[in-house]
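Structural overview
For reference, the chains in residue letters:
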Amino acid sequence: MSRTEIADEARRSPVSGDDPRLAALESQLKEAIVEIAELRARDALKTQFLANISHDLRTPLTAVITHAEILRDGILGDLSPRQMESVRGIISGGRQLLNQVGEILTYARGAANQLALVPTRFAIREVLEQVSGINEPLIKKKHLALSIEVVGDVPPLTADREKITHIIGNLLGNAIDFTPNGGRVWLRAERYAQRPDDTLCVEVGDTGVGIAPEHHDLIFREFAQVDATPSRPHHGTGLGLTIARKLVELHGGRIWVESELGRGSRFFFTVPLEQAAD
Amino acid sequence: MPDQAHILVVEDSDIVASAMRVLVESAGHRVTTAASIADALGAARSDPADVVLLDLTLPDGDGLVLIEPLRAAGCRMFIALTGHDDQATRDRCLAAGCADVLVKPVPARELIARVAGWAEMS
Ligand SMILES: Nc1ncnc2c1ncn2[C@@H]1O[C@H](COP(=O)(O)OP(=O)(O)OP(=O)(O)O)[C@@H](O)[C@H]1O
Ligand SMILES: [Mg+2]
């Protein structure tokens with residue numbers, strides 16, 4: 001008898017006393033419990049492997065990038081223009097790979113609960129400006145208009161600045177990726193309009209391709225992409241939003257999206273203005 | 001140009017260490033490399049360095065344990081070069097006595113400029 005058959009049978013006529021079906025059910029249950037424990041252990045092992053391998057990949061990547069930069073910077077002599085082009089290719093490919101490996105590492109650490117908050121006090125505007133500065137070349141390249149707005153009187157925030165920067169960086173990266181040339185993207189921060197009012201709300205919006213409502217939950221799941229076909233125009237690990245959500249939740253906040261297909265997207269997240277120091 | 005400084009690069013990956021050697025030498029300094037805690041202790045005792053560039057994960061332990069014995073051997077300044085780009089690691093290195101913490105890969109030009117600065121300070 002299969003497990004579901006036993007369960008169905010048991011529902012039809014409740015087992016009791018020394019009914020032999022009871023013993024069968026008990027042993028099935030024990031097996032299932034052992035199986036779940038094994039799966040959990042294996043999952044934890046894989047997450048740890050992911051964290052280890054992505055950390056270890058940084059060393060050979062560091063060697064590739066640094067040796068290539070030695071060539072690019074003429075430390076061992078001048079390069080011809082075509083050699084220079086190749087070397088620049090190695091460096092930018094290496095840096096891209098390094099970023100992706102870094103995202104996988106952050107994801108794996110998050111999944112293994114190995115991320116800790118290091119709160120400091122800072123103005124959210126500084127972070128918005130820093131993230132927009134980092135993305136300026138891409139924004140220019142796509143002729144996007146970027147605006148930054150801090151609404152009203154927002155007090156300084158006590159949070160993990162690096163992680164808040166990471167969250168906004170991932171959201172703005174997506175806004176840029178999924179908005180056709182000439183569109184608008186914006187960063188906006190204000191005190192959360194709803195209670196509790198000791199909360200900050202940050203919005204990252206765009207006038208891009210938008211997301212159908214049935215995908216609003218899916219996109220925050222690990223590796224999920226709306227268009228996951230190999231020929232998709234956008235490549236990435238599908239971890240950006242999973243990491244953003246993890247980092248928001250570490251701060252005790254919430255993240256969500258408001259969007260419709262073809263009508264742009266508005267991602268919002270909240271963080272408490274103060275983090276209890278640990 | 002200040003006097004030539006002696007830089008000890010403690011790094012277990014030989015391909016990373018060879019790149020660091022090229023960079024530091026191109027800045028006009030003398031380089032010794034060590035691939036483990038044991039190596040670094042041996043090297044510093046016979047020829048202490050002005051500046052030590054310290055990798056954190058070494059085959060025989062945490063690079064930060066080197067700071068005390070190397071300082072006692074006459075090394076003057078410690079810079080952590082780490083693959084971990086989180087604030088907790090940075091805080092740990094500074095608390096252990098590092099003057100600076102850099103995340104690998106440090107851009108080549110930046111490393112050269114910084115080595116020059118450290119050599120002058122040390
Ligand atoms: N601003 C946006 N506009 C439209 N779609 C979006 C937007 N942001 C995210 N998405 C959708 O959500 C998916 C998941 O985003 P996520 O950032 O997690 O991964 P990714 O961007 O595909 O990969 P990576 O972030 O690693 O480059 C995207 O592939 C895309 O389908
Ligand atoms: Mg993304």
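Below: a short report on this structure. Owing to the predicted nature of the structure, the values given are computational and were not obtained by experimental measurement.

Examining the overall build of chain A
- Secondary structure assignment for chain A yields six helices and seven strands.
- Moving toward the C terminus, one meets the helices and strands of chain A in the order α-α-α-β-α-β-β-α-β-β-α-β-β.
- Intrachain contacts of chain A at a sequence separation of at least 6 include 69% that bridge at least 24 residues.
- Surface summary for chain A: the accessible area is close to 16,000 Å², and the carbon and sulfur share equals 55%.

Notes on the side chain of A:Glu203
Residues and elements named next belong to chain A.
- The topology assignment puts glutamate 203 in strand S5 (residues 199-206).
- On the basis of relative accessibility, which here comes to 3%, the residue glutamate 203 falls in the buried class.
- A polar contact is formed between the side chain of glutamate 203 and the side chain of arginine 266, at a distance of 2.7 Å.
- Filtering out sequence-adjacent residues up to four positions away, glutamate 203 remains in contact with Trp186, Leu187, Arg188, Arg266, Phe267 and Phe268.

A look at the environment of A:Gly238
- For A:Gly238, the location among the structural elements is in the loop between S5 and helix H6 (240-250).
- Non-local contacts of A:Gly238, meaning those with residues more than four positions away in its chain, are made with A:Arg221, A:Glu222, A:Phe223, A:Ala224 and A:Gln225.

Observations regarding the pattern of salt bridges
All names here are of chain A.
- Scanning all chains against the criterion turns up 23 salt bridges over all chains.
- Where arginine 161 meets glutamate 126, a salt bridge forms, and the shortest distance between an N and an O atom there is 2.8 Å. In this pair, arginine 161 sits in helix H5 (residues 161-177) while glutamate 126 sits in helix H4 (residues 124-141), placing the two residues 35 residues apart along the sequence.
- Arginine 161 gets classed as partly exposed once you look at its relative accessible area, which sits at 26%.
- Look at glutamate 126 and you get partly exposed, because its relative accessible area is 40%.
- A salt bridge links arginine 266 to glutamate 203; its shortest N-O distance comes to 2.7 Å. Remark: glutamate 203 occurs in strand S5 and arginine 266 occurs in strand S7 (residues 265-272); sequence separation between them is 63 residues.

Concerning the site of ligand 1
Residue and element names in this part refer to chain A.
- Asn174, Asp206, Gln225, Thr237 and Leu241 are the nearest of the 20 residues found near ligand 1.
- Here a nitrogen atom of ligand 1 sits 2.9 Å away from a polar atom, N or O, in the side chain of aspartate 206.
- At 3.2 Å, a backbone N or O of valine 226 approaches an oxygen atom of ligand 1.
- Its free accessible area being 600 Å², ligand 1 has 91% of it covered by the protein chains.
- Of all the elements in the fold, those that place two or more residues in the shell around ligand 1 are H5, H6 and S7.
- In terms of residue class, the shell around ligand 1 is built from ten nonpolar, nine polar and one charged.

Details of unusual backbone geometry
- Residue B:Lys104 is joined to B:Pro105 through a cis peptide bond whose omega torsion reads -5°.
- Considering the arrangement of structural elements, one finds B:Pro105 in the loop between strand S7 (100-103) and helix H5 (108-121).
- Positioned with a positive phi, A:Asn113 is a non-glycine residue whose angle comes to about 55°.
- With respect to the element layout, A:Asn113 can be found in the loop between helix H3 (81-111) and strand S1 (120-122).
- A positive phi is found at A:His143, a non-glycine position, where the angle reads about 55°.
- With respect to the helices and strands, the residue A:His143 is situated in the loop between H4 and strand S2 (145-150).

Basis of the calculations
- Residues numbered from 1 in each chain as written.
- Chains lettered and ligands numbered in written order.
- Predicted model: local features only at pLDDT ≥ 70, side-chain atom pairs only at ≥ 80, totals over all residues.
- Heavy atoms only, no water.
- Helix = DSSP H or I, 4+ residues; strand = E, 2+ residues; numbered from the N terminus.
- Contact = heavy atoms within 4.5 Å.
- Areas by Shrake-Rupley, 256 points an atom, 1.4 Å probe, with all protein chains shown as cover.
- Buried < 20%, exposed > 50% of the residue type's maximum accessible area, 1.4 Å probe, protein only.
- Polar contact = N/O pair within 3.5 Å; in protein donor to acceptor, adjacent residues only side chain to side chain.
- Salt bridge = Lys/Arg side-chain N within 4 Å of Asp/Glu carboxyl O.
- Near = heavy atom within 4 Å.
- Nonpolar A, V, L, I, M, F, W, Y, C, P; charged D, E, K, R; others polar.

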